[in-house]
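Chain and residue survey
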Amino acid sequence: MEQANETHGGDSRPVRNIARGGQTSGDASARQVITDLSSSVWAFSALACALETGLLEALTEARRLTDLGQRSGIPACLVEGLLDVLVSLGLLLRAGDGYSSTPDLLPLLQAPAREALLADIRSVYLRAAP
């Protein structure tokens, strides 16, 4: 997937176009753009849920899936699904049934950065609410 920033009508705000294969950025189908946005919403929701439930905070060190399920009170199968989304995004690492944060994410899970991250996540959700 390629990204291009353009400006339109004198507006200096960047417009993101998504291209697939050999298409130019203006040729992306509306259906593909919508699909990509839907995937983004699901990924963002998984991140928000993992942060709000304390799953991410628990991953400042490597933990097993069963431990994460017990700590959060969430069934292990749901914890696994949430965390695997974050693994696919490159925010977490998985080894067998164990998870840990990536080195880039780790500083964001510790105070005071964690509080700022949580505030940012909540702000996005509030802005999106009808």
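So, on to the overall build of the protein chain. Counting its regular elements, the protein chain contains 5 helices and 5 strands. Ordering the α and β elements of the protein chain from the N terminus gives β-β-α-α-β-α-α-β-β-α. Every one of the 130 residues in the protein chain was classed for burial, and the buried ones make up 28%. When contacts within the protein chain are restricted to residue pairs at least 6 apart in sequence, long-range pairs at least 24 apart make up 41% of them. In the form shown here, the protein chain has an accessible surface area of approximately 8,200 Å², with 57% of it arising from carbon and sulfur atoms.

Moving on, we get to the packing of helix 3 (residues 65-72) against helix 4 (residues 76-88). Interhelical geometry of helix 3 versus helix 4 gives an angle of 110° and a closest axis separation of 9 Å. Looking at the two axes, helix 3 sits roughly perpendicular to helix 4. Residues Leu65, Leu68, Gly69 and Ser72 of helix 3 touch helix 4, and the partners they reach there are Ala76, Val79, Glu80 and Leu83. Of the residues assigned to the contact of helix 3 with helix 4, the class counts are 5 nonpolar, 2 polar and 1 charged.

Leu55, Leu56, Leu68 and Leu83 are the most contacted members of the largest nonpolar core, which has 23 residues in total. For this core, the element with the highest residue contribution is helix 1 (residues 30-52), accounting for 5 residues. Among all residues touching Leu68, those that are not within four sequence positions of it are Leu55, Ala58, Leu59, Arg63, Val79, Leu83 and Tyr99.

In sheet architecture, strand pairing relies on hydrogen bonds along the backbone and comes in two forms, parallel and antiparallel. Here we have 3 strands laid out as an open sheet, ordered 3-5-4, and antiparallel in their pairing. Each end of this open sheet is capped by a strand with a single partner; those strands are strand 3 (63-64) and strand 4 (92-95). Two strands pair when backbone bridges link them, and strand 3 and strand 5 (residues 98-101) are joined in this way by 2 bridges, in the antiparallel orientation. Across the sheet, Arg64 pairs through a bridge with Gly98, a residue of strand 5. Running over the sheet, helix 4 touches strand 4 and strand 5 and is turned about 115° from strand 4.

Strand direction decides the pairing type here: strand 4 and strand 5, joined by 4 bridges, are antiparallel. Within strand 5, the residue paired with Leu92 across the bridge is Ser101. Counting the residues that bridge the hairpin from strand 4 to strand 5 gives 2 residues, and of these Gly96 lies at a positive phi of roughly 65°.

Among all positions in helix 3, only Leu65, Leu68 and Gly69 are buried. Projected down its long axis, helix 3 shows its buried positions confined to an angular sector of 100°, all on one face. Contacts from the buried residues of helix 3 go to helix 2 (55-58), strand 3, helix 4 and strand 5. Gly73 sits one or two positions beyond helix 3 and adopts a positive phi of about 80°.

Look at the link from Ala111 to Pro112: it is a cis peptide, with omega at 0°. Residue placement: Pro112 occurs in the loop between strand 5 and helix 5 (113-128).

Remark: helix 1 packs on helix 5, axes separated minimally by 11 Å, with the N-to-C direction vectors making an angle of 135°. On the basis of the axis angle, helix 1 is oblique to helix 5. Here helix 1 and helix 5 pass one another in a crossing that is left-handed. Residues Phe44, Ser45, Leu47, Ala48, Leu51 and Glu52 of helix 1 lie in contact with helix 5, whose contacting residues are Arg114, Leu117, Leu118, Ile121, Arg122, Val124 and Tyr125. Here the contact of helix 1 with helix 5 is composed, by residue class, of 9 nonpolar, 1 polar and 3 charged.

The rules behind the values
- Residues numbered from 1 in each chain as written.
- Predicted model: local features only at pLDDT ≥ 70, side-chain atom pairs only at ≥ 80, totals over all residues.
- Heavy atoms only, no water.
- Helix = DSSP H or I, 4+ residues; strand = E, 2+ residues; numbered from the N terminus.
- Buried < 20%, exposed > 50% of the residue type's maximum accessible area, 1.4 Å probe, protein only.
- Contact = heavy atoms within 4.5 Å.
- Areas by Shrake-Rupley, 256 points an atom, 1.4 Å probe, with all protein chains shown as cover.
- Axes fitted to C-alpha atoms, helices over the stretch in contact; angles between N-to-C directions.
- Parallel < 35°, antiparallel > 145°, perpendicular 65-115°, else oblique.
- Nonpolar A, V, L, I, M, F, W, Y, C, P; charged D, E, K, R; others polar.
- Core = buried A, V, L, I, M, F, W, Y, C linked by side-chain atoms within 4.5 Å.
- Pairing = 2+ DSSP bridges.
- Arc of directions from axis to C-beta.
- Left-handed = near helix turned anticlockwise from the far one by under 90°.

Nothing here speaks to function; it is geometry throughout.
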